[in-house]
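Here is what each chain is made of, one letter per residue.
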Amino acid sequence: VGRGSAMSLSRQVQSTGGSSAVSKCSTAARGYIQDRFLRLLAGRRRRRAPLIHRGYYIRACAVDHCIQDFLLKTQSLPRTQILSLGAGFDSLYFRLKDMGLLHRTVVYEVDFPTVARQKAALIKRTKELSALVDDTGGEGLGAITFSGEDYKLLGVDLSELFELERALKEAGLNNEIPTLFIAEVVLTYMENTRSDALIQWAAEHFPQACFLVYEQVHPEDPFGHVMQQHFRQLNTALHSLAQYPDCEAQQRRFLGKGWTECSVMDMNEFFTCCIPEDEQQRVQTLEPFDEYEEWHLKCSHYFVLAASKGVEPSWTPLLPSVTVPRHAGPVGMAGSVPAAACARLSGIPGLRRYGHHSVLIKPNVVLTTGGFGEEDGQHCRMRNFHVLSKRAGYWKAVCVTQNTPDKRWGERLYHTVSCLSDTLALVVGGRTSPSNSGLETLWLKFPKTCNASGPDAVAVELVSLQPAAEAAALRWRHSTTEVTFKGEQYLFVYGGRSALEPVLGDWHFLRAPELSCTVIAVEGPVPESRHSHSASSWEGGVLIAGGLGAAEQPLGSVFLLRELEHGFQWQTIETHPPLVPRYSHTAHVHEGKLLLVGGVWFHASSVPGVTVIDLMTGLCLDYVINVEHLEWPLMLHNHSSVFLPNQKELLVIGGGGNCFSFGTHLNPEPVLLSLSSILSSH
């Protein structure tokens with residue numbers, strides 16, 4: 001790398017540190033973490049979104065967990081030291097000093113010279129910071145920009161190992177005492193040969209040491225593609241990912257570079273294993289939140305690693321081995337399902353959306369409503385409806401106006417639409433924001449001729465419900481499914497969440513078409529509360545699969561609500577191998593087979609494709625979706641899908657979401673999944 005380009009690259013990497021400091025500061029301001037020093041170091045203040053707060057919360061927890069464990073396990077030793085690589089404007093030293101944890105420990109921080117100089121100046125002019133650290137006046141000596149009794153701040157480029165070693169020696173780093181190295185989203189910005197050399201140097205020169213790493217993983221799935229693209233656009237490519245794409249590769253990396261012990265876990269595992277239940281609940285209730293998919297995907301794309309060598313057995317590992325069974329992924333893929341973009345539907349912006357609902361209103365005619373997406377080049381909640389219809393072998397889509405004098409549609413997300421006839425559908429629930437789910441139940445009325453060839457309007461009319469039925473509708477991420485009892489048609493509203501309850505487990509029978517709330521006896525084991533599950537009509541009853549449970553953990557259960565003479569009965573459907581827990585998928589039934597499409601699971605080495613469950617035998621087979629003919633990442637969560645039985649095809653509309661701080665990804669066009677080979681092979 002030439003000197004000029006190296007300097008511009010260092011500036012780009014430094015800017016990620018500044019942005020990170022602002023996010024950490026916002027996270028502390030909302031009560032996720034306790035850190036009064038962040039606001040003094042971050043410079044500018046800006047309130048971030050709840051999803052960003054959760055992401056920085058789990059990052060802080062993972063790093064702090066290992067640091068405090070190191071200090072606790074070495075407290076009987078006369079001296080220890082911490083070396084924070086690429087420390088930026090981190091508050092680590094001040095927090096530990098304030099907590100009285102640095103009696104025998106010296107903290108060394110290293111970053112680019114400009115960052116180190118800025119931080120040193122900031123410490124000197126900020127009373128609350130300078131009061132905690134005695135300035136011994138050693139700065140100006142080589143790379144040292146600030147020197148205290150137990151705190152040294154150095155300005156060195158980490159990729160220049162010879163310079164780093166010399167500067168640390170000058171600052172008094174002692175190779176012979178137990179040392180904790182910290183690299184929090186740092187190594188990945190370096191060329192692999194240089195970061196590998198740094199890891200090996202630390203192992204060779206420090207007989208007793210631990211090395212803590214927090215950074216990204218899994219570059220090849222759709223979220224990983226969006227993540228990589230974001231960092232490339234910032235001109236800060238993530239170099240580690242190509243050579244070390246998963247946790248196992250990172251573990252092998254350290255064990256192969258001189259470290260004798262190494263434990264690693266992704267952030268979903270860390271949250272489940274290392275954060276106590278009451279703390280999980282505290283964090284989950286700090287702010288209105290409804291971006292579960294993006295939170296879990298973010299967590300599966302970051303890991304924490306703790307390596308050690310030459311240390312006492314009593315103070316390893318800094319990370320527990322995973323105490324819950326690793327979320328077992330699919331035993332193996334049974335085959336693949338080809339995906340093809342609906343070419344003629346590209347460029348229709350209203351179809352780029354998520355959190356919407358699509359329903360087949362008659363053969364080959366689909367109505368799509370609501371959600372969040374793209375309209376007139378802007379990201380917004382979707383007001384317009386779209387009708388898609390298939391003519392002469394091709395899909396066509398038109399935007400449909402609403403025949404309504406007011407704003408009763410309410411720009412809703414995560415609602416349900418149930419088609420009761422070829423001219424009538426019912427909209428139940430949904431939300432505008434996570435603190436508002438008080439949306440009215442609506443009739444959608446469309447002409448018999450409704451298809452994509454004419455601009456027919458859809459009439460939106462308010463439904464006046466009895467109070468009992470109204471309670472059924474105040475929810476989102478629920479399901480509404482047609483059931484039959486004693487020859488009568490009912491809508492079965494189940495689960496979901498509300499502004500007050502993070503997860504619901506109740507159900508309501510609404511008698512069609514007058515929608516009176518009817519009490520029908522239900523026996524059998526009650527499924528645990530859930531939202532973002534799937535529900536499909538089958539033989540007069542309902543099949544419920546997966547979902548997100550009370551502890552924000554994906555569920556792998558499948559239940560059948562079956563009609564009996566005097567009511568209904570819940571029955572568990574055993575699947576083998578067991579269904580991998582998931583949520584935010586869609587589902588359809590065809591000839592005794594339950595098809596689950598997409599979703600989010602914690603098993604990070606692959607993304608959910610199509611799972612086929614034989615309802616007679618319980619056999620459960622996973623199929624990967626072959627996306628080689630798509631030119632963009634296919635994100636199959638928050639999507640909608642419609643099964644076309646004659647063609648044995650699935651039409652997938654929309655999907656995607658807000659990918660942490662990496663930008664919003666919306667699947668650009670509908671996709672057809674051909675299921676003929678997998679349905680005939682069963």
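Residues numbered from 1 in each chain as written. Predicted model: local features only at pLDDT ≥ 70, side-chain atom pairs only at ≥ 80, totals over all residues. Heavy atoms only, no water.

Scanning the model with the defined rule gives 30 aromatic pairs in all. Ring geometry for Phe254 and Trp259: centres 6.4 Å apart, planes at 55°, overall tilted. By relative accessible area, Phe254 is classed as buried at 0%. The rings of Phe485, Phe492, Tyr494, Trp507, Phe509, Phe559, Phe568 and Trp570 are connected pair by pair, giving a single aromatic cluster. Directly above the ring of Trp295 sits Arg54, whose terminal nitrogen or CZ lies 5.4 Å from the centroid. The ring centre of Tyr394 lies 3.5 Å from the NZ or CZ of Arg344, which sits over that ring. (Phe/Tyr/Trp six-rings, centres within 6.5 Å; stacked < 30°, edge-to-face > 60°. Buried < 20%, exposed > 50% of the residue type's maximum accessible area, 1.4 Å probe, protein only. Lys NZ or Arg CZ within 6 Å of the ring centre and 35° of its normal.)

This brings us to the pattern of salt bridges. For the coordinates displayed, the defined rule picks out 30 salt bridges. Note that Arg253 and Asp196 form a salt bridge whose closest N and O atoms lie 2.8 Å from each other. With a gap of 57 residues between them, Arg253 in helix 11 (residues 247-255) and Asp196 in helix 8 (residues 192-205) connect regions that are remote in the sequence. Both residues of the pair, Arg253 and Asp196, count as buried. In this structure, Glu411 and Arg383 form a salt bridge, with 3.7 Å as the shortest nitrogen-oxygen distance. Placement of the pair is Glu411 in the loop between strand 17 (402-403) and strand 18 (416-421) and Arg383 in the loop between strand 14 (378-381) and strand 15 (385-391), with a sequence separation of 28 residues. Accessibility expressed as a relative area gives 25% for Glu411, which makes it partly exposed. Because the salt bridges share partners, they merge into one network encompassing Asp290, Glu293, Arg431, Arg477 and Arg497. (Salt bridge = Lys/Arg side-chain N within 4 Å of Asp/Glu carboxyl O. Helix = DSSP H or I, 4+ residues; strand = E, 2+ residues; numbered from the N terminus.)

Moving on to the domain arrangement of the chain. Looking at the assigned domains, one finds that the chain contains domain 1 (9-309) and domain 2 (333-674). Between the C-alpha centres of domain 1 and domain 2 there is a distance of 41 Å. With 32 residues of domain 1 in contact, the opposing surface of domain 2 contributes 33 residues. Around 2700 Å² of area is buried between domain 1 and domain 2 when both sides are counted, 62% of it from carbon and sulfur atoms. In terms of surface lost to domain 2, no three residues of domain 1 exceed Asp290, Tyr292 and Glu293, which account for 23% of the buried area on that side. At the surface where domain 1 touches domain 2, the tally comes to five salt bridges. Linking domain 1 with domain 2 are 15 residue pairs in polar contact (both at pLDDT 80 or more), by the criterion used here. Put simply, the parts of the chain that give the side of domain 1 that touches domain 2 at least two residues each are helix 3 (50-73), helix 9 (222-233), helix 12 (267-274), helix 13 (277-284) and helix 14 (292-300). Considering each element in turn, the side of domain 1 that touches domain 2 owes the most residues, eight residues, to helix 14. Broken down by class, the residue content of the side of domain 1 that touches domain 2 amounts to 14 nonpolar, 10 polar and eight charged. (Domains from an automatic or database assignment. Contact = heavy atoms within 4.5 Å. Buried area = accessible area lost by both parts, 1.4 Å probe. Polar contact = N/O pair within 3.5 Å; in protein donor to acceptor, adjacent residues only side chain to side chain. Nonpolar A, V, L, I, M, F, W, Y, C, P; charged D, E, K, R; others polar.)

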